[in-house]
Amino acid sequence: MVKYIIFVELTPEFLQLPMEKRLGYVPKWSQLASRHGVKVVFWGMPMGVKENVVCVFETQSGNDAFFKFQREGLGPGTPDACKRIKGTRTIQVY
């Protein structure tokens, strides 16, 4: 089993959305992760860092499953690319 701690910096445009709309993305991201064999262990609001959200994911399938999930979630090459997420930092733990 591999776990990933992800610090997510959200875009100013995304942060201007009402809280209810922003929270609506959490189930969508969880469903996307599940389709790739990745589980959301927990998420929260970090303090003392520039990022807005921290998530912990785990997978039994290894790096491939996680990186496919992350790539689809970020949407490179699509109209939605970089509309919600400005940047991420990932820590892989075992």
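Bear in mind that the values here come from a model prediction, so they are computed numbers and not experimental data.

Even after reading the chapter, I still don't get the overall build of the protein, so can you show me in this structure?
What the protein contains, in helices and strands, is four helices and four strands. Counting only C-alpha atoms and orienting by the principal axes, one finds that the protein spans roughly 35 × 30 × 20 Å. Excluding contacts between residues fewer than 6 apart, the proportion of contacts in the protein whose partners are at least 24 apart in sequence is 68%. Taken as a whole, the protein presents about 6,100 Å² of accessible surface, with 58% of it coming from carbon and sulfur.

Looking at this model, I keep getting lost on the pattern of salt bridges. Mind explaining?
Note that side chains of opposite charge can pair when their charged atoms are close. This structure, assessed with the given rule, holds five salt bridges. Between E9 and K86 there is a salt bridge, with its nearest N and O atoms 3.7 Å apart. One end of the pair, E9, is in strand β1 (residues 2–10); the other, K86, is in strand β4 (residues 85–93), and 77 residues separate them in sequence. Owing to a relative accessible area of 16%, E9 belongs among the buried residues under this scheme. For R35, the salt bridge is made with E72, and the minimal N-O distance between the two is 3.4 Å. Here E72 lies in helix α4 (residues 63–74) and R35 lies in helix α3 (residues 25–35), a separation of 37 residues in the sequence. Salt bridges linked by common partners bring E9, K50 and K86 together as one network.

Looking at this structure, how should I read the packing of aromatic side chains?
Ring pairs (aromatic) are described by centroid distance and by the angle formed between their planes. One pass over the full model with this rule turns up eight aromatic pairs. Measuring from ring centre to ring centre gives 5.7 Å for F66 and F67, while their planes differ by 65°; the resulting arrangement is edge-to-face. Residue classification places F66 among the buried residues on the basis of a relative accessible area of 1%. According to the relative accessible area criterion, F67 is partly exposed, its value standing at 43%. The structure contains a cluster of three or more aromatic residues connected by ring pairs, namely Y4, F57, F66, F67 and F69. Here K28 stacks its cationic end above the ring of Y25, 4.8 Å away from the centre of that ring. Directly above the aromatic system of F7 lies the positively charged group of R89, at a separation of 5.2 Å from the ring centroid.

So, how was this worked out
Residues numbered from 1 in each chain as written. Predicted model: local features only at pLDDT ≥ 70, side-chain atom pairs only at ≥ 80, totals over all residues. Heavy atoms only, no water. Helix = DSSP H or I, 4+ residues; strand = E, 2+ residues; numbered from the N terminus. Contact = heavy atoms within 4.5 Å. Areas by Shrake-Rupley, 256 points an atom, 1.4 Å probe, with all protein chains shown as cover. Salt bridge = Lys/Arg side-chain N within 4 Å of Asp/Glu carboxyl O. Buried < 20%, exposed > 50% of the residue type's maximum accessible area, 1.4 Å probe, protein only. Phe/Tyr/Trp six-rings, centres within 6.5 Å; stacked < 30°, edge-to-face > 60°. Lys NZ or Arg CZ within 6 Å of the ring centre and 35° of its normal.

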